[in-house]
Amino acid sequence: MKIGITCPYSWDVPGGVQQHIRDLAEALIDEGHEVSVISPADDDTPLPPYVIGAGRAVPVPYNGSVARLSFGFLSVSRVRRWIKEGGFDVLHVHEPEIPSLSLLACWVASGPIVATFHTAIPRSRVLLVTYPVVRTGLEKINGRIAVSEAARTTLVEHIGGDAVVIPNGVATRRYRKADPLPGWPGPGGAIGFLGRLEEPRKGLPVLLKAFEILGPQRPGLRLLIAGPAADPGEVLHRVPAGLRDRVVLLGQVSEEDKVRVLHSVDVFCSPNTGGESFGIVTAEAMAAGVPIVGSDIEAFQQVLRGGEAGELFATGDAADLARAAGRLLDDPARRAALSAAALAAVADYDWSVVARAVLSVYETVVLGSTQVAVTASGSEFP
Amino acid sequence: MITDIVIIVAAALFIGVYVSWRAGRIDRLHARVDMARAALDATLLRRSSVALELATSGLLDPATSLLLAGAVHGTRGGDRPRDLAESDLTRALRAVFSQPDFRASLNGKEGADELLAEVEVAAHQVFLARKFYNDVVAATREARRRPLARVLRLSGRASAPEFFEMDDSLVAESSGAPLGL
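Residues numbered from 1 in each chain as written. Chains lettered and ligands numbered in written order. Predicted model: local features only at pLDDT ≥ 70, side-chain atom pairs only at ≥ 80, totals over all residues.

## Focus on the overall build of chain B
For chain B, the helix and strand inventory stands at six helices and zero strands. Starting at the N terminus, the α and β elements of chain B follow one another as α-α-α-α-α-α. A globule of 181 residues ought to have a C-alpha radius of gyration of about 16 Å, yet chain B, at 24 Å, is considerably larger. Projected onto the principal axes, the alpha-carbon positions of chain B cover approximately 90 × 35 × 30 Å. Counting over 181 residues, chain B shows a buried share of 31%. By sequence separation, contacts in chain B at least 24 residues apart represent 74% of the contacts at least 6 residues apart. (Helix = DSSP H or I, 4+ residues; strand = E, 2+ residues; numbered from the N terminus. Rg over C-alpha atoms; globule rule 2.2 N^0.38 Å. Buried ≥ 20, exposed ≤ 12 C-beta atoms within 10 Å, placed from the backbone. Contact = placed C-beta atoms within 7 Å.)

## Concerning the domain arrangement of chain A
Residue and element names in this part refer to chain A. By domain assignment, chain A separates into domain 1 (2-169 + 352-374) and domain 2 (173-349). In this structure, domain 1 and domain 2 have C-alpha centres spaced 35 Å apart. Contacts between the two partners involve six residues from domain 1, matched on the other side by five residues from domain 2. Here the side of domain 1 that touches domain 2 is built from residues that sort into two nonpolar, three polar and one charged. (Domains from an automatic or database assignment. Nonpolar A, V, L, I, M, F, W, Y, C, P; charged D, E, K, R; others polar.)

## Here we look at the interface of chain A and chain B
Taken together, the contact between chain A and chain B spans 26 residues of the former and 20 residues of the latter. Of the residues in the side of chain A that touches chain B, the class split is 17 nonpolar, eight polar and one charged.

## Side note on unusual backbone geometry
Residues and elements named next belong to chain A. Residue proline 185 is bonded to the preceding tryptophan 184 through a cis peptide linkage, with omega at 0 degrees. Counting through the fold element by element, proline 185 comes out in the loop between helix H7 (172-176) and strand E11 (190-194). Positive phi values are uncommon outside glycine, yet glutamate 95 reaches one of about 50 degrees. Along the chain, glutamate 95 falls in the loop between strand E6 (90-94) and helix H3 (101-108). By the C-beta count within 10 Å, which is 22 here, glutamate 95 ends up buried. At arginine 305, a position not held by glycine, the phi torsion is positive, near 55 degrees.

## Examining the confidence of the model for chain B
Residues and elements named next belong to chain B. Of the residues in chain B, 94% reach a pLDDT of 70 or more, and the chain-wide mean stands at 87. Within chain B, the element-level pLDDT minimum falls on helix H6 (residues 147-151), averaging 81, and the maximum on helix H5 (residues 112-145), averaging 93. Confidence over residues 174-181 falls short of pLDDT 50; this stretch has 10 contacts with residues more than four positions distant or in other chains. The ipTM, which scores confidence in the relative placement of chains, is 0.78 for this predicted complex, and the corresponding pTM is 0.78. (pLDDT = per-residue confidence, 0-100.)

## Observations regarding the sheet that holds E11 of chain A
Either a parallel or an antiparallel arrangement is found when strands of a sheet pair, and the pairing is made through backbone hydrogen bonds. Residue and element names in this part refer to chain A. Pairing is parallel in the open sheet, where six strands are placed in the order E13-E12-E11-E14-E15-E16. Edge positions in the open sheet fall to strand E13 (247-251) and strand E16 (311-313), since each of these has one partner strand only. Between one strand axis and the next, the sheet turns by 20 degrees as a mean value, whatever way the strands run. As paired strands, strand E12 (residues 222-226) and E13 are joined by four bridges and run parallel to one another. Counted as the bridge partner of alanine 226 is glycine 251 from E13. On the sheet, helix H11 (residues 280-287) packs against E11, strand E14 (267-270) and strand E15 (292-295) and is oriented at approximately 165 degrees with respect to E15. (Pairing = 2+ DSSP bridges. Axes fitted to C-alpha atoms, helices over the stretch in contact; angles between N-to-C directions.)

## Comments concerning H3 of chain A
In terms of residue burial, H3 of chain A counts as a mostly covered element, since eight of its eight residues are buried. The set of residues buried in H3 of chain A consists of Leu101, Ser102, Leu103, Leu104, Ala105, Cys106, Trp107 and Val108 of chain A.

## As for the pairing of E14 of chain A
All names here are of chain A. Burial along E14 is two-sided: Val267 and Cys269 and Phe268 and Ser270, pointing in opposite directions, are all buried. Note that E11 and E14 share two bridges and pair parallel. Bridge assignment links isoleucine 191 to a residue of E14, and that residue is valine 267. Of the strand pairs in this sheet, E14 and E15 are connected by three bridges, and their pairing is parallel. Counted as the bridge partner of serine 270 is glycine 294 from E15.

## Observations regarding the sheet that holds strand E8 (residues 113-117) of chain A
All names here are of chain A. Read across the open sheet, the seven strands follow the order E3-E2-E1-E6-E8-E9-E10; overall the sheet is parallel. Edge strands, defined here as strands with exactly one partner in the open sheet, are strand E3 (51-53) and strand E10 (164-165). With four bridges joining them, E6 and E8 adopt parallel strand pairing. Residue pairing across strands places histidine 94 opposite threonine 116, the latter belonging to E8.

## A word on the nonpolar core
Val79, Ala105, Leu321 and Ala325 of chain A together with Ala51 and Leu68 of chain B are the most contacted members of the largest nonpolar core, which totals 150 residues. It is helix H1 (residues 2-55) of chain B that provides the largest number of residues to this core, a total of 10 residues. Each of two domains, domain 1 (2-169 + 352-374) and domain 2 (173-349) of chain A, supplies a minimum of three residues to this core. Here alanine 325 of chain A is in contact with Ile191, Ala210, Leu214, Val267, Cys269 and Val293 of chain A, once residues within four sequence places are set aside. (Core = buried A, V, L, I, M, F, W, Y, C linked by C-beta atoms within 7 Å.)

## Thoughts on the pairing of E6 of chain A
All names here are of chain A. Summarising burial for E6: five of the five residues are buried, a large majority. The alternating pattern of E6 places Val90, His92 and His94 and Leu91 and Val93 on opposite faces, both of which are buried. Across four bridges, the pairing between strand E1 (residues 2-6) and E6 is parallel. From the neighbouring strand, threonine 6 faces E6, where its bridge partner is valine 93.

## Notes on the packing of helix H8 (residues 204-217) of chain A against helix H13 (residues 318-330) of chain A
Residues and elements named next belong to chain A. Packing of H8 against H13 brings their axes to within 8 Å, and their N-to-C directions diverge by 60 degrees. Judged by the twist between their axes, the crossing of H8 over H13 is right-handed. Each of Val206, Leu207, Lys209, Ala210, Ile213 and Leu214 in H8 lies in contact with H13, whose residues at this interface are Ala318, Ala319, Leu321, Ala322, Ala325 and Gly326. The residue makeup of the contact of H8 with H13, split by class, is 10 nonpolar, one polar and one charged. (Left-handed = near helix turned anticlockwise from the far one by under 90°.)

Here's what the structure looks like:
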């Protein structure tokens, strides 16, 4: 299948949508499909062979922050040319409600169009204001995908119509192998945590309380904590003074270092107290094959297969977490078994599985339809 | 004796007249601030409505339209403070107008020239109105700061007027000539 994908945001800026598109495109290529992605990008940005740059994105205020988007008549003509030359069987636009390439692609294209909605931002009034202009584009979409239930709800409430929910995948390959950070995990063992330190629902306080119990019993045990914090000193202060030198805060880390962090610990802890719909960090840790101890919230029950692919503890209960983590630290055989089970379980969430779900949406919309072509819309732009 | 009384009365009279003249001046300045503020509000409102007209005119591609409409929407109250929301609209307009060959791309489209000119005039009026407003705010604040005004509380209960700061230039800092003006 020949697939054209549009990315609304600048390729050189890290972001969830860009990463989603990269992982999806690569999974589709692995399945033997021909994929072309058009994305805003600076001229000197090195791009993967399947990405076509649509010129420099312009930083503009949108929705209360500054986004780097592609709009205007030059972008229209670039998108037109890309569609004309691409000969795609299906056009897959991402975030078509954002004023950028995806909306333009909807406007100038005809034929099978699939759209993926990532975020849950209600922009109903603005959409209504410009409805005649935006409607032309959005009405051409044949199949709609939402990456989460929240995104689907927003879509239904503010734009109307429905969408199938296909969650993000995990690029399990990328997590499989990495060198541990120098000196980790160390002879006394190490427990890891990833996530925003001050977001209470991520549950770091529960882990710190549990470490107050575990630390004195196990003199060599250390905590490795990665994630952004407004005030790291304050976080460290919550740990009793005698244990503080055994808590290492790395701050925000790069994608590569994140994988290394996962390979640097004996046990990974997901102490979330709620608010997770899937638990992407936990799934990534599973893909790295690190034994996991997670709270028994619904999302983790599901991804950890009710405790088969990771140890579960009572949500918010530091003593129970300390017991569960201690048991794992003492039992290398149990850790190896959980690691193998986690690797097997996370395969269900791999991008190859997600890509097949997306493909079946493509297959549905191309039925009885012709190839993607350009329409008269925007033809006045050379 | 008589002359002393005459002098004291004259001095008291003079001081009274002077103080009431100062108080009247501060009062007039506050009134001018109110007028300048109303004028500034009117120009901002006018700019928003012309920008919205451009957004919905069908002259532009849907992405540009949506961008402008979003910025206009932000100026009509919401979570963002007024000065930031109006600056956002300026930046959105600037991003649209500073595209290379933007004008040429609209050549020959009906009503395009008039509408673009109207946006530019409206944006320029915001620039002027804000300048005048901040001038009179500066004068008022200066008058209120004088020792006599402070000691005798000549400004009464009126609070000191605030400057209105925003990005109001349709011209990108790097490029030279103003657009069409």
